[in-house]
Amino acid sequence: MRFETKAIHSGAAIDDATGAVAPPIHLSTTFARNDHGEPSHGYSYVRDGNPNVTQLETALAAIDSGESALAFASGMAAGAALMQTLPRGAHILIPDDCYYGFREIAHDFFERWDLAYDVVAMEDLDAVQRAMRDTTKFVWSESPSNPRMKVVDLAALAEIAHARGALLVTDGTFATPALQRPIEFGADVVLHSTTKYLGGHTDVQGGALIFRKRDALFDETRHIRKLIGGVLSPFNAWLVLRGIRTLSARVRVQSENAMALARFLATHPRVEAVFYPGLETHPRHDVAKRQMSAFGGMLSFLVRGTRADALAVTSKVHLFTRATSLGGFESLIEHRESSEGAGSTTAPNLLRVSVGLEHAEDLIADLAQALE
Ligand SMILES: *Cc1c(COP(=O)(O)O)cnc(C)c1O
């Protein structure tokens, strides 16, 4: 079955009790037990498991080509739980253009957790090879990356990681499983902030891990989720699953719009550079073409001039909302350095755009007048 079909049908079932076609939301925090003291329907307590979360996890595993999946309260909770599976003394490779929250976890907590890390430009495979240690457990990757839209060769990274007994973890939030399924290229764990495209409507927070196998790592991560408690609420699970149902259609239009916007920006005299994997000028366009079925709705660009010149552009747009986050149906524009705050490594004249479902011509006209 193809992605589009799986996204509609996985985790779906007509409700036995009522015939409801849309799934009911189960808000109960506890579940009845039988005479022998065992859970009568497999559920016990909400932090342990909930029918809406199970439905979502079934769908997530199916659409991302994994054997199993775990849903979390946020993308950060998902990533942190995975890091907490590591034994003392373990080492992780982190990409130089990494979602800043994960870079901050490494910086603020790894020493306390007795973990070590190195920051590597993951597109440089020799540099990755050189940075590997005997204690390296995870090669953490992000493709395309936030906010520089770097693309890394997932199959090559998986090979390097596996040769040294490490796992490849890929943050696939920007691409979504509609466009890229890292497990098909050798990744062992895929991370998504479901707050973004999977939710798709800017109204729900969540995170997910999809595992190549249902193995000891899955069990350990689930154990951590249950005890540390970063579980997704039943209503949020319901919203994310609803978002998945329309993901392929949304991302297809967003990719078309982003391509049109990237082509417009690439020829604009006030734009110094455009970062979009769909442009032939992107340094890893060939890798993106191999790994992705389209290039997604995210792009970033450098405004010629200073931080103030970039901020001035964001103050003149009408259709784009000035806000962080991404993946909703509406277009957002963000001065990334301001959002990342202290410790940001992002260029001060970089603007990041989450392209929505408006008409491409309207979006182009709005950016054109803002760049005048
Ligand atoms: C937003 C985001 C995260 C963190 O997800 P939250 O749901 O905000 O915790 C992780 N990775 C990427 C690429 C993101 O864009």
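Please read these numbers as outputs of a predicted model, since none were measured by experiment. Along each chain, residue indices are assigned from 1 in the same order as the chain's sequence is written. The model is predicted, so local features are restricted to residues of pLDDT at least 70 and side-chain atom pairs to those at 80 or more, both for listing and for counting; the totals for chains, interfaces and linings are taken over all residues. Remark: hydrogens and water are excluded; side-chain values derive from all non-hydrogen atoms of the structure.

Two strands pair if DSSP finds at least two bridges between them. Each helix is a run of H or I in the DSSP string that is no shorter than four residues. Each strand is a run of E no shorter than two, and both are numbered from the N terminus. With mixed pairing, seven strands are arranged side by side in an open sheet as 1-7-6-5-4-2-3. Two strands in the sheet have a free side with no partner beyond their single neighbour: strand 1 (68–72) and strand 3 (116–120). Sheet twist, expressed as the mean angle between neighbouring strand axes with direction ignored, is 20°. With five bridges joining them, strand 2 (residues 91–95) and strand 3 adopt parallel strand pairing. When the bridges of strand 3 are listed, Ile 92 appears paired with Tyr 117. In the packing of helix 4 (residues 100–109) onto the sheet, contacts are made with strand 2, strand 3, strand 4 (136–142), strand 5 (167–171) and strand 6 (189–193), and the angle to strand 3 comes to roughly 140°. Orientation is described by axes fitted as lines to C-alpha atoms, over the contacting stretch for helices, and by angles from 0 to 180 degrees between their N-to-C directions. Should any heavy atoms of two residues lie within 4.5 Å, those residues are counted as being in contact.

Below, the discussion takes up the site of the ligand. Distances are taken per atom, and a residue is near a molecule or strand as soon as one of its heavy atoms is within 4 Å of it. Neighbouring the ligand are 15 residues; Met 76, Asp 171, Ser 193, Thr 195 and Lys 196 lie closest to it. Here a polar contact means two N or O atoms within 3.5 Å. Within protein one must be a hydrogen donor candidate and the other an acceptor candidate, and residues neighboring in sequence count only if both atoms are side-chain atoms. Between an oxygen atom of the ligand and a main-chain N or O atom of Met 76, the distance comes to 2.9 Å. Within the side chain of Gln 205, a nitrogen or oxygen atom sits 3.3 Å from an oxygen atom of the ligand. A 1.4 Å probe and the Shrake-Rupley method give the accessible areas. Residues count as covered only by the protein chains that appear here. Protein contacts shield 94% of the accessible area of the ligand, which totals 380 Å² for the unbound molecule.

Attention shifts here to the pairing of strand 6. Here's how the labels work: a residue is buried when its accessible area is under 20% of the maximum for its type, exposed when over 50%, partly exposed in between, all with a 1.4 Å probe on protein chains only. Along strand 6, five of the five residues are buried, which leaves the element largely enclosed by surrounding structure. Burial of the side chains of strand 6 extends over both faces: Val 189, Leu 191 and Ser 193 are buried on one face and Val 190 and His 192 on the other. In this sheet, strand 6 lies alongside strand 5 in parallel orientation, the contact comprising three bridges. By the bridge assignment for strand 6, Asp 171 is matched with Leu 191. Taken together, the five bridges between strand 6 and strand 7 (residues 207–211) define a ladder with antiparallel strand orientation. Its bridge partner lying in strand 7, His 192 is registered against Ala 208.

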